[in-house]
Amino acid sequence: MSRFGSLGDPAATLLLSGARVMDPAAGTDEVRDVAIVNGRLADPRSLPLGGDRLDAEGLVVAPGLCDLHAHLREPGMERAETIESGARAAARGGFTTICAMPNTDPALDRPDRVAWVQDRAGSAACRVRVVAAATHERAGNEIVEVAVLAAAGIAGVSDDGVAVASEGPVRDLLNRLAPLDLPLIEHAEDPEVATGALMRSGPTATRLGLASWPARAEISTVKRDIALAEETGGWVHFTHVSTAGALDAIRDAKRRGVRVTCDVTPHHLALTDAWVGGWRSFSWEDPADDPFRAPLDAARAYDSACRVNPPLSSRADALALLAGVADGSVDAIATDHAPHPRDRKAVEFGIAAPGMIGLETALSLGLAAVEAGSLDLMRLIQALSTGPAKLIGETRSLDEGSVADLVVFDPAARWRVEASGLASKSSNTPLLGMELPGVARLTVAGGRVTYGDGIG
């Protein structure tokens, strides 16, 4: 039976025997015992008498996962999620740190609002870092007091849900952020191109008759912000990149030494725009049917669970993004966990709230790509753990003496995604009913056991 803990619990003391230990930071992949004594990784021989000894044969021990982009909905939208429930969903998914985005009600644009979230998260099931709004009320005009918010411990600033609208505020933000070593986390989307769009341009959008979103809506904003980062020396992090063209522009900027980083979501890697029409093949699988010619599945077509922003990618874009994770061009996989109550999703596609949950399925979608031979397991772990953690100034180490911050997962186990089994308050995902690989068995954050399931 699964159980949750919190960062306020007593430090853990236990031994994991015979685990496969994979640490991207050290480049190690070996089978050995792992001991935690009073919350720190220790020599297994130092485990005190009476300490828990857990059989970890066949399980992988990896650094705790880190999510750069999650919506916890609190304050203001607690029907969908709370800090407590979102942190539990994170712990169940193997995450030890998540970054809470600022599009709450009210927006997280002031130090007191940031402090309120931090205080609420003090005894949650994972660390919660706050991404503050980039402009007041995320309106795109007056930029926030960056230095004051930096002193409050934010992980960056973003008007997520929209891009910062014009060059002036972006330039000003980057100039102010540069000496603070903090990123502008940009939702790259040109509103003039994207207004009214519901799904990605392509044959499926044409067939379904839905207003389509062209790749240039993202690419144009990415290129604008790259130019401003190059001009100012500031750092832009592009979140939920969804097009091959945007990734190409980011790769080129990196080669020139521009300070740009990016993340992609599991759903933009694994799912495609054809899912809106009812197809259920992952991007790395050869589609069984031609989405433009095969009969529509009336029960699945116009699936509002598949409405996200940016829209689900074409298969070609999804495969290009997956290749970007594999070759290191993509710095991190971030969930864009976006919970919504049922009444905001159980409506016509065009009026459904965009977004899907992802904290509890991210690792499994990555492991599905690994099983298919499309991604290396060590690279997946890096993109979910040490890579994103480094971007927000956190370290992940499995060396003795380090504070225990890790996930133990069974890559061979299978689980069925069911609403009743989720820790999140919401269940808006098109993966419901599907069987996925990989089950997190134990999550340890800051030396505390925050989640445990079936390991003993």
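Here, the structure is the one placed above.
Residues numbered from 1 in each chain as written. Predicted model: local features only at pLDDT ≥ 70, side-chain atom pairs only at ≥ 80, totals over all residues. Heavy atoms only, no water.

Visitor: What is the right way to read the overall build of the chain from this model?
Guide: When helices and strands are tallied, the chain shows 13 helices and 19 strands. Compactness check: the chain gives a C-alpha radius of gyration of 21 Å against a globular reference of 23 Å for 456 residues, within 12% of the reference. Reported as C-alpha extents along the three principal axes, the dimensions of the chain are approximately 65 × 55 × 45 Å. Out of the 456 residues in the chain, the part that is buried amounts to 60%. For the chain, the proportion of contacts with a sequence separation of at least 24, taken over those separated by at least 6, is 77%. In the form shown here, the chain has an accessible surface area of approximately 17,000 Å², with 48% of it arising from carbon and sulfur atoms. Averaging the coordinates of the 44 positive side-chain charges in the chain and doing the same for the 61 negative ones gives two points 1 Å apart. (Helix = DSSP H or I, 4+ residues; strand = E, 2+ residues; numbered from the N terminus. Rg over C-alpha atoms; globule rule 2.2 N^0.38 Å. Buried < 20%, exposed > 50% of the residue type's maximum accessible area, 1.4 Å probe, protein only. Contact = heavy atoms within 4.5 Å. Areas by Shrake-Rupley, 256 points an atom, 1.4 Å probe, with all protein chains shown as cover. Lys, Arg positive; Asp, Glu negative; His and termini not counted. Charge placed at Lys NZ, Arg CZ, Asp CG, Glu CD.)

Visitor: What should I look at first to understand helix α11 (residues 362–371) in this one?
Guide: Residues that lie three or four places apart on an α-helix share one face, since the helix turns once every 3.6 residues. Among the 10 residues in α11, 8 count as buried, and that is most of the element. Of the residues making up α11, those classed as buried are A362, L363, S364, L365, G366, L367, A368 and A369. Two residues or fewer after α11 comes G373, characterised by a positive phi angle close to 80°.

Visitor: What exactly am I supposed to notice about the state of the cysteines here?
Guide: Overall, the coordinates contain 0 disulfides when judged by the stated rule. Between C126, a cysteine without a disulfide, and C66, which holds the nearest cysteine sulfur, the sulfur-to-sulfur distance is 9.7 Å. As a non-bridged cysteine, C262 has C66 as the owner of its nearest cysteine sulfur, 15 Å distant. Relative accessible area serves as the criterion here: at 0%, C262 is assigned to the buried category. (Disulfide = S-S within 2.5 Å.)

Visitor: Explain the pattern of salt bridges here, please?
Guide: Any two side chains of opposite charge can pair, on the condition that their charged atoms come close. Summed over the entire model, instances satisfying the criterion amount to 30 salt bridges. Between E137 and R113 there is a salt bridge, and its shortest N-O distance comes to 3.3 Å. Residue E137 is located in the loop between β9 (127–132) and α3 (146–151), and its partner R113 is located in helix α2 (residues 111–120); the two are separated by 24 residues in the primary sequence. Judged by its relative accessible area of 16%, R113 is buried. Measuring nitrogen to oxygen at the nearest pair gives 3.1 Å for the salt bridge that ties D248 to R251. Pair noted here: D248 and R251 are both in helix α8 (residues 244–255), with a separation of 3 residues, about one helical turn. Residue classification places D248 among the partly exposed residues on the basis of a relative accessible area of 45%. (Salt bridge = Lys/Arg side-chain N within 4 Å of Asp/Glu carboxyl O.)

Visitor: For this particular structure, what's the right way to read the packing of α11 against helix α12 (residues 377–384)?
Guide: Any two packed helices are characterised by how steeply their axes cross, that is the angle between the axes, and by the distance between the axes. Their axes nearest at 10 Å, the elements α11 and α12 cross at an angle of 155°. The angle between the axes of α11 and α12 places the two elements in the roughly antiparallel class. Here the hand of the crossing between α11 and α12 comes out right-handed. Here α11 contributes L363, G366, L367 and V370 to the contact with α12, which in turn contributes L377, L380 and L384. For the contact of α11 with α12, the residue count by class is 6 nonpolar, 1 polar and no charged. (Axes fitted to C-alpha atoms, helices over the stretch in contact; angles between N-to-C directions. Parallel < 35°, antiparallel > 145°, perpendicular 65-115°, else oblique. Left-handed = near helix turned anticlockwise from the far one by under 90°. Nonpolar A, V, L, I, M, F, W, Y, C, P; charged D, E, K, R; others polar.)

Visitor: What should I look at first to understand the packing of helix α7 (residues 216–232) against α8 in this one?
Guide: At a closest axis distance of 8 Å, the pairing of α7 and α8 adopts a crossing angle of 15°. Considering their axes alone, α7 and α8 lie roughly parallel with respect to each other. The two elements α7 and α8 meet at a crossing, and its hand is right-handed. For the pair α7 and α8, the contacting residues are E218, I219, V222, K223 and I226 in the first and G245, A246, A249, I250 and A253 in the second. Its residues assigned to classes, the contact of α7 with α8 shows 7 nonpolar, 1 polar and 2 charged.

Visitor: Explain the side chain of H267 to me, please; I cannot follow it from the model alone.
Guide: As for its position among the elements, H267 is in helix α9 (residues 266–270). Contact partners of H267, with chain neighbours within four places excluded, come to V308, L312, T335, D336 and M356.

Visitor: So what exactly am I meant to see when it comes to the packing of aromatic side chains here?
Guide: Geometrically, a pair of aromatic rings is defined through the distance of the ring centres and the angle of the planes. This model, assessed by the stated rule, comprises 3 aromatic pairs. Geometrically, the ring pair formed by F4 and Y451 is tilted, given 5.1 Å between the ring centres and 50° between the ring planes. Here Y451 lies in strand β19 (residues 448–452) and F4 lies in strand β1 (residues 3–4), a separation of 447 residues in the sequence. Since its relative accessible area comes to 26%, F4 is described here as partly exposed. Residue classification places Y451 among the buried positions, given a relative accessible area of 2%. (Phe/Tyr/Trp six-rings, centres within 6.5 Å; stacked < 30°, edge-to-face > 60°.)

Visitor: Please explain the pairing of β9 as it appears in this structure.
Guide: Most of β9 sits out of view: 5 of its 6 residues are buried. Across 4 bridges, the pairing between strand β8 (residues 95–100) and β9 is parallel. In the strand pairing of β9, I98 is matched with V128. By the bridge criterion, 2 bridges tie β9 to strand β10 (residues 156–157) in an arrangement that is parallel. Bridge pairing links A132 to V157 in β10. Since β9 and β10 lie parallel, the crossover through α3 that links them has a hand, and here it is right-handed. (Pairing = 2+ DSSP bridges. Right-handed = clockwise from strand over helix to strand, strands pointing away.)

Visitor: Before we go on, may I ask you to explain the environment of G27 in this structure?
Guide: Relative to the helices and strands, G27 resides in the loop between β2 (14–23) and β3 (28–37). In the structure, G27 is positioned 87 residues away from V114 in sequence and 36 Å away in space, judged by C-alpha atoms.

Visitor: What exactly am I supposed to notice about α8 here?
Guide: Taking 1.5 Å of rise per residue, the 12 residues of α8 would be expected to cover 16 Å, and the 17 Å separating its terminal C-alpha atoms lies within 8% of that figure. Those residues of α8 not exposed but buried are A244, A246, L247, A249, I250, R251 and A253. Where α8 is buried, its residues touch α7, β14 (235–238), β15 (260–264) and α10 (315–327). After α8 finishes, the residue G257 shows a positive phi value of roughly 90°. (Expected span 1.5 Å × (residues − 1).)

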